[in-house]
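Coordinates in review
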Amino acid sequence: MKKGICILLSSALLMGTVPVYGDMAEVEQVTHTYRAEVGTKNFYEDDVLQTLDTEIYLKDGYVMLPVRTFFTAVDENAQILWDREKQVATVWMGEYRILLDVPKNKIQVEYGNVNVSGKLEVKDGRLFVPLRNWQKILTRCNYEMDENSIVWDSEKGEAIVNVGEHVINRDEELTKTEITGEGQKPVYLVEPTEQYDFIWNAGDGYFIAENYSDENDQIIFDSTGKRLATFAPGTAHHVGYLGEDRFCVYDYEEKERPAYVVDAKGNRLFSADYDQIWPYAQGLALVREKTENGYRYGYIDTEGNLRIPMQYGSARSFSEGLAPVSMSESGIGQYGFIDTKGNVVIEPKYRSADPFREGLAHVQAISGEGFINHEGEEVIPPRYGFVSDFQNGTAFAVTKDRQIIVIDKNGEEVRKLLELPKETSYFYTPSWDLLEVEYPLGYQGIYRYYDKNGEISRETYELQSGFSEGLSAVLDKETGKYGYADEKGNMVISPTFDYAERFQDGYAVVKQIIPNENGIRTVKVGVIKNPLMR
């Protein structure tokens, strides 16, 4: 079985956004013509018949067209979620969100209302929208249309719509990953339940659950489902995991400041006399305290003892035995590296520095970005406008003359990916090790996507960007439910969820939303196991 699938994009912070310059010769504008014959099931895209399963009709002088027909004709990857009870459709066209509310006769694009012509209507179980509104919707989604783009021929009883868009000139189409198969039933650690309002997969086989209705009743349980600790209602605002079997508790007096640290069973170990505590790395946790002029940073051990004094203007966690710290009082510039005893081992001379990864640390100097080794040697001199972290021996780099390339650990060019066109922006997402290039406004939101081997399609990018532990959460357009697919596009866990998180340490949090007759939804949250890691 082959299904229409769109991939869930996990939340992640986009990094490395930089405007660059060049030309736009590779982009061309094309116009697509759509034709709807009233009183028939005939809908044409560029003169190619797309037979519908319901008739197009007239109402109050407006041509009524089914929502799914038009959105998927303009963008085959459009996501359409229909709430039958509330009679509200949510549509995603790329980055644009469209809300169609039948009872309120309301159309919203990116949280801005559209003046609706005619009335939205549900007929034979399908949502219809007056065709005149499509010009308003698509223009806000950065397509090329004006008041003359929709023409009504009363003699023929047909409407013609012209929609302009920009496309990339390519010799060959990029391969699109397709999702196939039905998948297997999920295997649960925690069956979806109303018992908890929220479950957080903390990692290391620990989970933290909350009940908001009970003044944030907090619970810690493990991967066997055994409850390890319970914090009585009103005693903990929230609980966070620090690693090393340590949990940080925030109380109601200062909700944003940690109060104390406990073990997995809830036994209090030490007070958290700091503004913030980061997770443990190599037995030490970065801590911060507020001062009159800003912040100071230091490091504590698993018993709460201050091992490295609060003397840095800024700092990061340890990795590969070293941590980047700023000797500047303001925390801006003067970055070097210390060892786990607090000894300075790499001279503080950089504008910024990141933790070591695969034997190298990313640093920034006035001259650009590059990498140093554990001895502080500039293995790759700071000469790039941007470089990503190394993953599996390679990194993305942007040269001063606007070339996006892939480099190895010697700084040698492995391959060239792209010469950046004028005023485009690029976005690197470390957790995915993928690069996204966005063209400027006026180019109908053109995006290009790259992995280390070259350009990939949007479908492949979306699948790859959702991966964790061999599976990616995917949305089935037919059911509006999420499941999980593998790297080859095989559905592994059947789409039965309304919300699906990434896997961590063999588990993922999922939700099911059940509508009730009174309009109130019941949300059930659970935890599933990764079948690839049995």
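Here, every reference points to the structure presented above.
Residues numbered from 1 in each chain as written. Predicted model: local features only at pLDDT ≥ 70, side-chain atom pairs only at ≥ 80, totals over all residues. Heavy atoms only, no water.

1. Some words on the packing of helix α1 (residues 67–74) against helix α2 (residues 132–140)
Short version of the rule: Axis definition: a line fitted to C-alpha atoms, over the contacting stretch in the case of helices. Angles run 0 to 180 degrees between N-to-C directions. The way it works is that DSSP assigns letters per residue, a run of H or I at least four long becomes a helix, a run of E at least two long becomes a strand, and they are numbered from the N terminus. Roughly parallel covers angles under 35 degrees, roughly antiparallel covers those over 145, roughly perpendicular covers 65 to 115, and oblique covers all other angles. Crossing handedness is read from the near helix: turned anticlockwise from the far helix by less than a right angle, it gives a left-handed crossing, and turned clockwise, a right-handed one. Contact definition: two residues touch when any of their heavy atoms are within 4.5 Å. Gly falls in the polar group here, along with every residue not listed as nonpolar (Ala, Val, Leu, Ile, Met, Phe, Trp, Tyr, Cys, Pro) or charged (Asp, Glu, Lys, Arg).
At a minimum axis separation of 12 Å, α1 and α2 run at an interaxial angle of 40°. Classified by the angle between their axes, α1 and α2 sit oblique to one another. Relative to α2, the crossing made by α1 is right-handed. The residues of α2 that touch α1, namely those facing V67, F70, F71 and V74, are W134, I137 and L138. Looking at the contact of α1 with α2 residue by residue, the class counts come to seven nonpolar, no polar and no charged.

2. Description of the sheet that holds strand β21 (residues 238–243)
Sheet strands associate in pairs through backbone hydrogen bonding, adopting either a parallel or an antiparallel arrangement. So the rule is basically this: By this definition, two strands are paired if DSSP reports at least two bridges between them.
Spatially, β21-β22-β23-β24 is the arrangement adopted by the four strands of the open sheet, whose pairing is antiparallel. Looking along the sheet, the strands with just one partner apiece sit at the ends: β21 and β24 (268–271). Across the sheet, the mean angle separating the axes of adjacent strands is 30° when strand polarity is ignored. Of the strand pairs in this sheet, strand β22 (residues 246–250) and strand β23 (residues 260–263) are connected by four bridges, and their pairing is antiparallel. Residue pairing for β23: F247 is matched across the bridge by V262.

3. Regarding the environment of T302
The topology assignment puts T302 in the loop between β27 (295–300) and β28 (306–312). Considered as a pair, T302 and V261 are 41 residues apart in the sequence and their alpha carbons are 9.5 Å apart. For T302, the residues in contact, after removing those within four places along its chain, are E244, R246, F270, Y280 and G283.

4. Some words on unusual backbone geometry
What counts, and what does not: Partly exposed residues are those whose accessible area sits between 20% and 50% of the maximum for their type, while under 20% is buried and over 50% is exposed, using a 1.4 Å probe and protein chains only.
One non-glycine residue, Q87, lies in positive phi territory at about 55°. Take Q87: it is sitting in the loop between β7 (79–83) and β8 (88–93). For Q87, a relative accessible area of 28% corresponds to the partly exposed category. Unusually for a residue other than glycine, D245 sits at a positive phi of about 60°. Along the polypeptide, D245 turns up in the loop between β21 and β22.

5. Here we look at the packing of aromatic side chains
Selection criterion: Here the aromatic set is Phe, Tyr and Trp, taking the six-membered ring for Trp, and pairing holds for ring centres within 6.5 Å; pairs whose planes are under 30 degrees apart are stacked, those over 60 apart are edge-to-face, and all others are tilted. Lysine and arginine charges are scored as sitting over a ring when NZ or CZ, respectively, is within 6 Å of the ring centre and within 35 degrees of the ring normal.
Enumeration according to the criterion identifies 24 aromatic pairs in this entry. When the centroid spacing of 5.5 Å and the interplanar angle of 50° are considered together, the rings of F386 and Y426 count as tilted. You can see F386 sitting in strand β37 (residues 386–387) and its partner Y426 sitting in strand β41 (residues 425–429), a full 40 residues away along the chain. Residue class for Y426 comes out buried when judged on its relative accessible area of 1%. Aromatic pair F396 and Y428: ring centres 5.9 Å apart, planes at 65°, arrangement edge-to-face. Of this pair, F396 sits in strand β38 (residues 394–398) while Y428 is found in strand β41, placing the two residues 32 residues apart along the sequence. Three or more aromatic residues joined by ring pairs form one cluster here, namely Y34, F43, F70, F71 and W134. The residue whose ring lies beneath K452 is F396, and the NZ or CZ to ring-centre distance is 5.3 Å.

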